[in-house]
Number of protein chains: 2
Amino acid sequence: MKDLTPATQKFILHWGEMGTKWGINRTVAQIHALLFISERPLHAEEICGTLGVARSNVSNSLKELQNWGIVKVTHLPEDRRDHFESMKDVFEMFRVIITERKRREIDPTIAMLRECVEESARETGLAAVHTRQRLEQLQAFFELGADFYEKVNRLETPTAVRLFRMGDKLFRLLGLKG
Amino acid sequence: MKDLTPATQKFILHWGEMGTKWGINRTVAQIHALLFISERPLHAEEICGTLGVARSNVSNSLKELQNWGIVKVTHLPEDRRDHFESMKDVFEMFRVIITERKRREIDPTIAMLRECVEESARETGLAAVHTRQRLEQLQAFFELGADFYEKVNRLETPTAVRLFRMGDKLFRLLGLKG
DNA sequence: TCTGGATTTCTGTAAAAACAGAAACGAGAG
DNA sequence: CTCTCGTTTCTGTTTTTACAGAAATCCAGA
């Protein structure tokens with residue numbers, strides 16, 4: 001890791017580890033961390049040099065980050081090479097990430113649960129009833145979460161931030177505490 | 001996969017895949033799915049037979065699930081063997097999972113960010129200032145999320161469910177829409 | 001203390017993922 | 001058209017993770 005301050009290095013390494021724990025390739029996460037913290041767009045070669053990984057690896061990882069929608073290509077005048085930059089707004093960035101994970105993983109899970117519930121409704125026997133009830137509970141939970149997310153997602157960022165900040169006041173206002 | 005209805009099989013397989021995408025071992029996730037959907041506690045041998053995995057694998061996976069806190073050991077009269085059962089309440093279950101992930105991954109990340117911000121505050125130069133600002137934004141985001149979670153977590157389950165159900169009404173009540 | 005079932009730990013193997021380097025491909029400049 | 005610089009795809013290797021089977025340990029009852 002060349003030309004990085006100790007703090008930056010520590011951040012990039014930790015972010016890479018975080019990635020692996022959440023099912024994201026370590027290198028992908030590291031490149032994301034690097035681009036996020038960099039004040040200017042970087043080209044692939046720079047990323048190779050800084051992180052010490054192969055060119056092809058960087059190329060594939062960058063494509064992955066673009067698929068996630070949190071890294072974009074830009075071009076600088078007088079330079080034919082692609083340059084890459086991460087989204088800067090943290091809140092927006094996580095909004096994008098969560099939306100994408102919902103699309104890729106949560107929505108298909110809800111669909112699967114729907115199918116399983118249907119299927120087990122057609123099966124007979126006491127066991128099938130139990131199974132169906134369990135699956136329905138799971139389905140209800142995921143649907144509740146998904147709906148809530150959709151609603152929050154429709155808010156403008158500052159509005160959403162305010163919502164999350166409210167806390168105690170929020171609960172009191174809604175008379176939920178009792 | 002012996003003695004399972006098609007719906008149950010589909011569910012267990014999907015849940016296993018979900019696991020891998022979220023950094024959970026496939027077998028661990030499958031065993032969890034099996035125990036979740038089972039109406040009675042199972043012993044290790046049954047799990048082996050049903051899922052077709054080795055005894056040792058089941059043993060380690062069960063320990064992992066117990067570390068997560070979503071599977072517990074029980075004993076049946078007239079049977080020396082350990083029996084295992086998953087939490088049944090879906091909402092509680094995810095509360096436990098999220099709490100654990102926060103403890104393992106989010107809290108250490110916040111600590112790391114704090115350290116990095118401190119370190120980069122001691123460094124000089126324009127670049128260091130930029131770095132620090134980025135890290136501070138990230139830190140603020142994580143702290144906001146963590147605080148909000150703590151608050152929701154303190155609510156009784158039915159209260160929290162009501163909160164998530166409110167949706168539109170909620171936003172209007174708070175005058176957030178504008 | 002000994003015994004038999006039950007569980008965990010250890011060790012080598014198999015499978016999967018990550019990765020580097022080379023080759024192929026593409027786009028703009030001359 | 002072709003040469004050059006840059007990017008992507010392909011292929012084989014390395015590393016990591018998951019896993020099975022064997023060995024060791026544990027525990028209750030005799």
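First things first, this report covers the structure right here in the doc. (Residues numbered from 1 in each chain as written. Chains lettered and ligands numbered in written order. Predicted model: local features only at pLDDT ≥ 70, side-chain atom pairs only at ≥ 80, totals over all residues. Heavy atoms only, no water.)

Residues and elements named next belong to chain B. With respect to topology, three strands assemble into an open sheet ordered S1-S3-S2, the strand pairing being antiparallel. Two strands in the sheet have a free side with no partner beyond their single neighbour: strand S1 (42–43) and strand S2 (71–75). With five bridges connecting them, S2 and strand S3 (residues 82–86) associate as antiparallel partners. Bridge assignment links Val 71 to a residue of S3, and that residue is Ser 86. (Pairing = 2+ DSSP bridges. Helix = DSSP H or I, 4+ residues; strand = E, 2+ residues; numbered from the N terminus.)

Residue and element names in this part refer to chain A. Within the open sheet, the three strands sit side by side as S1-S3-S2. Their pairing is antiparallel. At either end of the open sheet lies a strand with only one pairing partner, and these are strand S1 (42–43) and strand S2 (71–74). Here S2 runs beside strand S3 (residues 83–86); their pairing, made up of four bridges, is antiparallel. Bridging from a neighbouring strand, Val 73 pairs with Phe 84 of S3.

Before going further, it helps to examine the packing of aromatic side chains. Inspection of every chain in the model, using the stated rule, returns 18 aromatic pairs over all chains. Seen in terms of ring centroids, A:Phe91 and B:Phe141 are 5.8 Å apart; in terms of plane orientation they differ by 85°. Their pairing is edge-to-face. In this pair, A:Phe91 is assigned in helix H5 (residues 90–122) and B:Phe141 in helix H6 (residues 126–154), connecting two distinct chains. Taking relative accessible area as the criterion, A:Phe91 reaches 15% and is therefore assigned buried. (Phe/Tyr/Trp six-rings, centres within 6.5 Å; stacked < 30°, edge-to-face > 60°. Buried < 20%, exposed > 50% of the residue type's maximum accessible area, 1.4 Å probe, protein only.)

Scanning the model with the defined rule gives 29 salt bridges over all chains in all. For A:Glu92, the salt bridge identified is with A:Arg95, shortest N-O distance 3.3 Å. Of the two residues, A:Glu92 and A:Arg95 both sit in helix H5, three residues apart, roughly one turn of that helix. Taking relative accessible area as the criterion, A:Glu92 reaches 24% and is therefore assigned partly exposed. Through salt bridges with shared partners, one network takes in A:Lys10, B:Glu115 and B:Glu119. (Salt bridge = Lys/Arg side-chain N within 4 Å of Asp/Glu carboxyl O.)

Turning our eyes to something else, we now look at the packing of H5(A) against helix H1 (residues 6–21) of chain B. One way to put it is that H5(A) packs onto H1(B) with a least axis distance of 9 Å and a crossing angle of 170°. Relative to H1(B), the element H5(A) is oriented roughly antiparallel. The two elements H5(A) and H1(B) meet at a crossing, and its hand is left-handed. Taken together, the residues of H1(B) that come into contact with H5(A) (itself represented by A:Arg101, A:Glu105, A:Pro108, A:Thr109, A:Met112, A:Leu113, A:Glu115, A:Cys116, A:Glu119 and A:Ser120) are B:Pro6, B:Ala7, B:Lys10, B:Phe11, B:His14, B:Trp15, B:Met18 and B:Lys21. (Axes fitted to C-alpha atoms, helices over the stretch in contact; angles between N-to-C directions. Parallel < 35°, antiparallel > 145°, perpendicular 65-115°, else oblique. Left-handed = near helix turned anticlockwise from the far one by under 90°. Contact = heavy atoms within 4.5 Å.)

Moving on to the relation of the copies chain B and chain A. Relating one copy of the chain to the other takes a rotation about an axis and a shift parallel to that axis. Structural alignment of chain B on chain A gives an RMSD of 0.0 Å, achieved by rotating through 180° and translating 0.0 Å along the axis. With respect to symmetry, the two chain copies, as superposed, fit the operation of a two-fold axis. (Least-squares fit on C-alpha atoms with pLDDT ≥ 70 in both.)

All right, on to the protein's contact with DNA strand D then. Residues in close proximity to DNA strand D total 16 residues, the closest being A:Lys63, A:Asp82, B:Thr27, B:Ala54 and B:Ser56. Of all DNA strand D atoms lying within 4 Å of any protein atom, the proportion belonging to sugar or phosphate reaches 70%. At a separation of 2.3 Å, a phosphate oxygen of DNA strand D approaches a polar side-chain atom of A:Lys63. Only helix H4 (55–68) of chain A together with helix H4 (55–68) of chain B provide two or more residues apiece to the surface near DNA strand D. When the residues that make up the surface near DNA strand D are grouped by side-chain class, the tally is two nonpolar, eight polar and six charged. (Near = heavy atom within 4 Å. Polar contact = N/O pair within 3.5 Å; in protein donor to acceptor, adjacent residues only side chain to side chain. Nonpolar A, V, L, I, M, F, W, Y, C, P; charged D, E, K, R; others polar.)

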